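Given next are the chains, with one letter for each unit.
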Amino acid sequence: MDKFDVVVMGAGPGGYPAAIRAAQLGASVAIVEREKLGGTCLNWGCIPTKTLIASSELFHAARRGEALGIKAGKLEYDYAAMAKRKDEVVATLNRGVEQLLKANGVKIFEGTASFDAPTRVNIAPAGEGRDTRIEGGTVIIATGSASAVPGFLPKHRRVVESRAFLDLTALPSSLLVLGGGVIGCEFACMAAQLGAEVTVVEMLDDILAMLDSDVRRELRRHMEQDLGIRVLTGKPLENIEASASGVSGKAGETELKADMLLVSVGRRPVTDGLALDRAGLSVNERGFIAVDAACRTRNASVFAIGDVTAGSTLLAHAATAQGVTAAENAVLKTRKPAGSLVPSCIFTSPEIGAVGITEQQARDAGRKVSVGKFGFAGLGKALASGEPNGFVKLIADSETDQLLGAHAVGPHATDLIGEAALAIHGEFTAEELGRVIHAHPTFAESWMEAAHALHGACIHAAPKRRK
Amino acid sequence: MPKFGQMVEESSIVKWHKKEGDSVRKGEILFEIETDKAVMEVESFFEGTLLKILVKENVSVPVSSVVGYIGTPGEAIPATPPPTAAAAPVPPQTPAPAQPAKPQPAPVQQASAALPAVAPRAPASVRPDGLVPSDAKVTPGARAPAPALPAAPARQIISPRAKALVKRSCIDPSPIAGSGPGGRVQERDVRAYMESRNYSAIRISPAAKKLAAAREVDILRVRGTGAGGRIMIHDVERAVAERPRALTKMRQVIARRLTESFTTTPHFYVTVAADITDLLVFRKDLKNRGEVYTVTDFVLEAVIMSLQEFPILNSVCDGRTVRWHGSVDLGMAVSLEDGLVVPAIRNAQDLGMRELHDTAASLAARAREGKLTPDEMTGSTFTVSNMGMLDVDTFHAIINPGEAGILAVATARDRVVARNGKMEIRSMMNMTLSVDHRIVDGSLAADFVNAIRKKLEDVALWTSLT
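This write-up is about the structure you can find in this document. Since this is a predicted model, take the numbers as computed values, not measurements.

### A closer look at the overall build of chain B
Thinking step 1. Secondary structure assignment for chain B yields eleven helices and 18 strands.
Thinking step 2. By the burial criterion, 45% of the 466 residues in chain B qualify as buried.
Thinking step 3. Contacts in chain B between residues far apart in sequence, at least 24 positions, make up 64% of those at least 6 positions apart.
Thinking step 4. Within the structure as shown, chain B displays about 24000 Å² of accessible surface, and the carbon and sulfur contribution to it stands at 54%.

### A word on the overall build of chain A
Thinking step 1. Check the secondary structure of chain A and you find 13 helices and 22 strands.
Thinking step 2. For 467 residues, the compact-globule estimate of 2.2 N^0.38 gives 23 Å, and the C-alpha radius of gyration of chain A, at 24 Å, lies within 12% of that figure.
Thinking step 3. When its C-alpha atoms are laid out on the principal axes, chain A stretches across 75 × 60 × 40 Å.
Thinking step 4. Within the span of chain A, comprising 467 residues, buried residues form 51% of the whole.
Thinking step 5. Here the contacts in chain A between residues at least 6 apart in sequence split such that 65% fall between residues at least 24 apart.
Thinking step 6. Put simply, chain A has 50 plus and 53 minus side-chain charges, and the middle of one group is 1 Å from the middle of the other.

### Topic: the nonpolar core
Soluble globular proteins tend to pack their nonpolar side chains together in the buried interior.
Thinking step 1. Leu330, Leu407 and Leu456 of chain B are the most contacted members of the largest nonpolar core, which has 72 residues in total.
Thinking step 2. Considering each element in turn, this core owes the most residues, eight residues, to helix 7 (residues 295-309) of chain B.
Thinking step 3. Ignoring any residue separated from it by four or fewer positions in sequence, one finds leucine 456 of chain B in contact with Ala274, Ile276, Leu279, Phe298, Val299, Ala302, Met429, Met431 and Trp462 of chain B.
Thinking step 4. With 40 residues, the next largest nonpolar core counts Ala191, Met223, Ile229 and Met260 of chain A among its residues.

### Examining the packing of helix 3 (residues 46-63) of chain A against helix 6 (residues 182-193) of chain A
Residues and elements named next belong to chain A.
Thinking step 1. Here helix 3 crosses helix 6 at 40°, and the two axes come no closer than 8 Å. Taken as axis vectors, helix 3 and helix 6 run oblique relative to one another. The interaxial crossing formed by helix 3 with helix 6 has left-handed handedness. Contact residues: helix 3 offers Thr49, Lys50, Leu52, Ile53, Ser56, Glu57, Phe59, His60 and Arg63, while helix 6 offers Glu186, Phe187, Met190 and Gln193.
Thinking step 2. When the residues that make up the contact of helix 3 with helix 6 are grouped by side-chain class, the tally is five nonpolar, four polar and four charged.

### With respect to the pattern of salt bridges
Thinking step 1. For the structure shown, the criterion picks out 48 salt bridges over all chains.
Thinking step 2. Of the charged contacts in the structure, one is a salt bridge between arginine 163 of chain A and glutamate 35 of chain A, with a shortest N-O distance of 2.5 Å. With arginine 163 of chain A in helix 5 (residues 162-166) and glutamate 35 of chain A in the loop between strand 2 (29-33) and helix 2 (39-44), this residue pair connects regions lying 128 residues apart in the sequence.
Thinking step 3. Between glutamate 457 of chain B and arginine 453 of chain B there is a salt bridge, and its shortest N-O distance comes to 3.0 Å.

### Observations regarding the sheet that holds strand 18 (residues 344-346) of chain A
Across a sheet, strands are paired by hydrogen bonds formed along the backbone, either parallel or antiparallel in direction.
All names here are of chain A.
Thinking step 1. The five strands are arranged 18-19-22-21-20 in an open sheet whose pairing can be described as antiparallel. The two strands at the open ends of the sheet, each matched to only one other strand, are strand 18 and strand 20 (369-375). On average, each strand axis in the sheet is inclined to that of its neighbour by 10°, with strand direction left out of account.
Thinking step 2. Here six bridges tie strand 21 (residues 391-397) to strand 22 (residues 403-410), and the two strands are oriented antiparallel to one another. When the bridges of strand 22 are listed, alanine 396 appears paired with leucine 403.
Thinking step 3. In this fold helix 11 (residues 413-425) packs onto strand 18, strand 19 (351-356) and strand 22, with an angle of close to 170° to the strand it touches most, strand 22.

### Quick word on helix 8 (residues 353-369) of chain B
All names here are of chain B.
Thinking step 1. Taking 1.5 Å of rise per residue, 17 residues should cover 24 Å, and helix 8 covers 24 Å from first to last C-alpha, within 8% of that figure.
Thinking step 2. Taken as a whole, helix 8 has its buried residues at Met353, Leu356, His357, Ala360, Leu363, Ala364 and Ala367. In a view along the axis of helix 8, the buried residues occupy a sector of 140°, so they form one face of it.
Thinking step 3. Residue glycine 370 follows helix 8 closely and has a positive phi angle near 70°.

### Description of the pairing of strand 19 of chain A
All names here are of chain A.
Thinking step 1. Of all the six residues making up strand 19, five are buried; the element is thus mostly covered by neighbouring parts of the structure.
Thinking step 2. The pairing of strand 18 with strand 19 spans three bridges and is antiparallel. For cysteine 345, the partnering residue across the bridge sits in strand 19 and is glycine 353.
Thinking step 3. Once strand 18 ends, the chain turns through four residues before running back antiparallel as strand 19.
Thinking step 4. Strand direction decides the pairing type here: strand 19 and strand 22, joined by six bridges, are antiparallel. If you follow isoleucine 352 over to strand 22, its bridge partner there is valine 409.

### Describing the interface of chain A and chain B
Thinking step 1. With eleven residues of chain A at the contact, the number on the chain B side is twelve residues.
Thinking step 2. The largest contributions to the chain A side of the interface with chain B come from Glu399, Thr400 and Glu427 of chain A, which together make up 59% of the buried area.
Thinking step 3. Applying the counting rule to chain A against chain B returns two salt bridges.
Thinking step 4. The salt bridge involving arginine 215 of chain B is made with glutamate 399 of chain A; its shortest N-O contact spans 2.5 Å.

### Overview of the pairing of strand 2 of chain A
All names here are of chain A.
Thinking step 1. In terms of burial, strand 2 is largely enclosed, as five of its five residues are buried.
Thinking step 2. Neither face of strand 2 is left uncovered, since the one carrying Val29, Ile31 and Glu33 and the one carrying Ala30 and Val32 both have all their residues buried.
Thinking step 3. As judged from the four bridges shared by strand 1 (residues 2-9) and strand 2, these two strands associate in the parallel manner. Paired with valine 6 across the two strands is valine 29, which belongs to strand 2.
Thinking step 4. In terms of handedness, the path from strand 1 via helix 1 (residues 15-24) over to strand 2 forms a crossover that is right-handed.
Thinking step 5. Pairing of strand 2 with strand 3 (residues 107-110), which is carried by four bridges, proceeds in the parallel orientation. Directly across from alanine 30, in strand 3, lies its bridge partner lysine 107.

### Thoughts on the packing of helix 7 of chain B against helix 10 (residues 442-457) of chain B
Residues and elements named next belong to chain B.
Thinking step 1. The N-to-C vectors of helix 7 and helix 10 enclose an angle of 135°; their axes lie 9 Å apart at closest approach. In terms of orientation, helix 7 lies oblique with respect to helix 10. Helix-helix and strand crossings are classified by hand; for helix 7 and helix 10 the assignment is right-handed. Residues Phe298, Val299, Ala302, Val303, Met305, Ser306, Leu307 and Glu309 of helix 7 form the contact with helix 10, whose participating residues are Phe448, Ala451, Ile452, Lys455 and Leu456.
Thinking step 2. Considered class by class, the residues forming the contact of helix 7 with helix 10 number ten nonpolar, one polar and two charged.

### Structural notes on the side chain of asparagine 299 of chain A
Residues and elements named next belong to chain A.
Thinking step 1. Its place among the elements puts asparagine 299 in the loop between strand 16 (267-269) and strand 17 (302-304).
Thinking step 2. Residue classification places asparagine 299 among the buried residues on the basis of a relative accessible area of 14%.
Thinking step 3. A polar contact of 3.0 Å, which involves the side chain of asparagine 299, links it to the backbone nitrogen of serine 301.
Thinking step 4. Those residues in contact with asparagine 299 that lie beyond four places of it in its chain are Pro118, Ala279 and Leu281.

### Remarks on the packing of aromatic side chains
Thinking step 1. Evaluation of the coordinates by the stated rule reveals nine aromatic pairs over all chains.
Thinking step 2. Centre to centre, the rings of phenylalanine 59 of chain A and tyrosine 77 of chain A are 5.3 Å apart; their planes meet at 80°, and the pair counts as edge-to-face. Within this pair, whereas phenylalanine 59 of chain A is found in helix 3, its partner tyrosine 77 of chain A is found in the loop between helix 3 and helix 4 (79-103), the two being separated by 18 residues in sequence.
Thinking step 3. Members of the aromatic cluster, joined through ring pairs, are Tyr293, Phe298 and Trp462 of chain B.
Thinking step 4. Just above the ring of phenylalanine 391 of chain A sits the side chain of lysine 373 of chain A; from NZ or CZ to the centre is 4.5 Å.
Thinking step 5. Here arginine 354 of chain B stacks its cationic end above the ring of tyrosine 293 of chain B, 4.3 Å away from the centre of that ring.

### Things to note about helix 1 of chain A
Residue and element names in this part refer to chain A.
Thinking step 1. Burial of helix 1 is extensive: seven of the ten residues sit out of reach of the surface.
Thinking step 2. As for helix 1, its buried residues are in contact with strand 1, strand 2, helix 4, strand 6 (132-141) and helix 8 (316-332).
Thinking step 3. In the segment just after helix 1, glycine 26 is the residue with positive phi, at about 95°.

About the criteria used
Residues numbered from 1 in each chain as written. Chains lettered and ligands numbered in written order. Predicted model: local features only at pLDDT ≥ 70, side-chain atom pairs only at ≥ 80, totals over all residues. Heavy atoms only, no water. Helix = DSSP H or I, 4+ residues; strand = E, 2+ residues; numbered from the N terminus. Buried < 20%, exposed > 50% of the residue type's maximum accessible area, 1.4 Å probe, protein only. Contact = heavy atoms within 4.5 Å. Areas by Shrake-Rupley, 256 points an atom, 1.4 Å probe, with all protein chains shown as cover. Rg over C-alpha atoms; globule rule 2.2 N^0.38 Å. Lys, Arg positive; Asp, Glu negative; His and termini not counted. Charge placed at Lys NZ, Arg CZ, Asp CG, Glu CD. Core = buried A, V, L, I, M, F, W, Y, C linked by side-chain atoms within 4.5 Å. Axes fitted to C-alpha atoms, helices over the stretch in contact; angles between N-to-C directions. Parallel < 35°, antiparallel > 145°, perpendicular 65-115°, else oblique. Left-handed = near helix turned anticlockwise from the far one by under 90°. Nonpolar A, V, L, I, M, F, W, Y, C, P; charged D, E, K, R; others polar. Salt bridge = Lys/Arg side-chain N within 4 Å of Asp/Glu carboxyl O. Pairing = 2+ DSSP bridges. Expected span 1.5 Å × (residues − 1). Arc of directions from axis to C-beta. Buried area = accessible area lost by both parts, 1.4 Å probe. Right-handed = clockwise from strand over helix to strand, strands pointing away. Polar contact = N/O pair within 3.5 Å; in protein donor to acceptor, adjacent residues only side chain to side chain. Phe/Tyr/Trp six-rings, centres within 6.5 Å; stacked < 30°, edge-to-face > 60°. Lys NZ or Arg CZ within 6 Å of the ring centre and 35° of its normal.

Without other data, these values stay purely geometric and don't point to any function.
In structure tokens:
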């Protein structure tokens, strides 16, 4: 039986960085993957969706090019070509992960991992062949999550979750989206930008309920007014039926029909078949594995990272950070906590970036905060780019001026959030962020203006009326 | 100042519920006082306006002192000698009461006029100008330092520039030695101190520094847990949380009384194990007949009987004299959420088992509800502390001030013991007697605690008593 210092179960955005980091630190490492290297993120999540969105954004912008003096004539898109490009990008990155793992001396096992004993892993190959058993000084569980598809939904080729949607080679002309979360809204915007007729049904009072209401309002206005997406909230989608001619359902009194139903009601952790009990582990009532801040499970020689862990944000970069931390803790025998400040990016139109707490969370916690906001309508670069909508917002502690949260909705919001994350991580005060000289003309200036606004000292916004 | 409880000689008002000028109705709560045992609310016996508060909050004064005046507005206040703070006060700030005039309003003191007055102490701390001492500068809950403590260091003189640097740098200047005239701390002293403490090596996040400045945290004393030892906001928050906080009133009383007892009374301890197997069977029989008693009830009764056999254990010694208490006022320690009280079962020697059980149960219940009267909380002559329900093998209790001993009762456990030459499993309960060695010696303590043990083991005795 082969022995390794570290065995990683799952080669997604949590698992493969964990394997590489452990190998960098001199450990002998094995990684087990039952599907494709790169996991959901690279193959069926972040990367393929952003590839398609790049196309839809360009198409959408070109169609409105006349405002910027561009006449493109009759515009068409070829969804099959878009899908093909997506597959190529994914394949390129896929090879890249494999090369990185190999270059670091990580042994790759194809098959399904399960525990045989606390530190012994069984690998069952997908097809013919015998199981392999390997021994690991430390095992890192990084098996991720999969789309949750409630059992009451009809099993039909017109009812798809995100992964099956990405396999399409033609875009449906009308789309019904069940669930107004991140995935539902991203797909809705992408399809709508390409001209599909889209309806989003969300049971909660609003889409993307974890965001502050002003951010949600800005996105929803664009989705409804610019993209023509029908957004129905506060009602469940009922009487869902699928047939050869299409899908139908009812949200409250509204009858809905479409070519396809996209199910995006959340994700569930992948732990079935792992035989966790043989490692002395169990899952909580929602199926997640409990870990401490250092990513350790109850079993001292087993770590867990990413979507499979309790309290996970279900974000690839959070899994990566945890994976690196777990690898370091496993190899160096330390107990460093993984970072807990996780920015989130939503690739809707407009984009949304968020890091730290929301205003609502501050209010709920009874915390006294000051808020500074700056609209892109007041920013030279945004006007020059023809993208005057949206805003950035900073939330700071009233007593110490410490930056606690930052939110951006508008052009490049997902890239802009990086600066805010750095400032919050470094425990910057709003005053100091405002003192950093920002290059002009750039979108990033908006943070400086918002930091000024937080102290009522914004140069490029009219003062608030004196009370 | 009302006298609550026989032993109370001084009390302090912890909170006035009325301000000067407020109207007061009969029966309204006027103020809260703290005695040795508890905080009590005091109702007004008079109707009128609170004209003058003489005793500020947190100043301890002898009982029967005048604490304020109630009368009609405009009425002048008599020039009663102002009450004297029993503890050493800080310099006074309150002006003297106005000159006397008629008619005289009723002093609040009359609320307790029926109680024996205590002769006012020599007004040592009253200044010649007759100002009333106040402790306005003492933080709430703090007491004046005991005289044995060394005097506080002389006030540090610090130049404005040095002060500004100290503030900007978030450091505590008190360890800095001044090199200026008269030991004045100057900017260069602060810089030298900062260099000696390797200040420039400190790394701190901007928000953490701001919080440290706002909360006056000395960052030289904060351990950083961020990358490379950088001081982060939670490190400063931890430093703030680690600051000393004032004990609750009750804990201060406990601290004072137990320290006094433990440091002035020479304790020694004798432990015996009582075999209560038969007693437990007997108690169960009683229970089946509808007669409910707790194990504590039997212990209390055994102690009461033994105290009458050994009167010296029901006495109090002050180092020069020993005074016997003619009645057994048995204290029973009752633990509360944050502290404990010792209500006394008065004249316990006159109570039958049923009365004893009812009294003990009622006292314990009211103690937990905070409804004991001050007299019930003071003046016990011997105490029983039962931790039987807390799963302990043995413990040593500290004698309550004013008493000669305390019995610490531990958990009864099934143990293998030798009995009549054979091994048997018996329910054994350890009891540890703590006694004042000034009046009780080893053999007497042994006899006393064994007398209690023998009673608990004698079921025939309990049959006759219940």
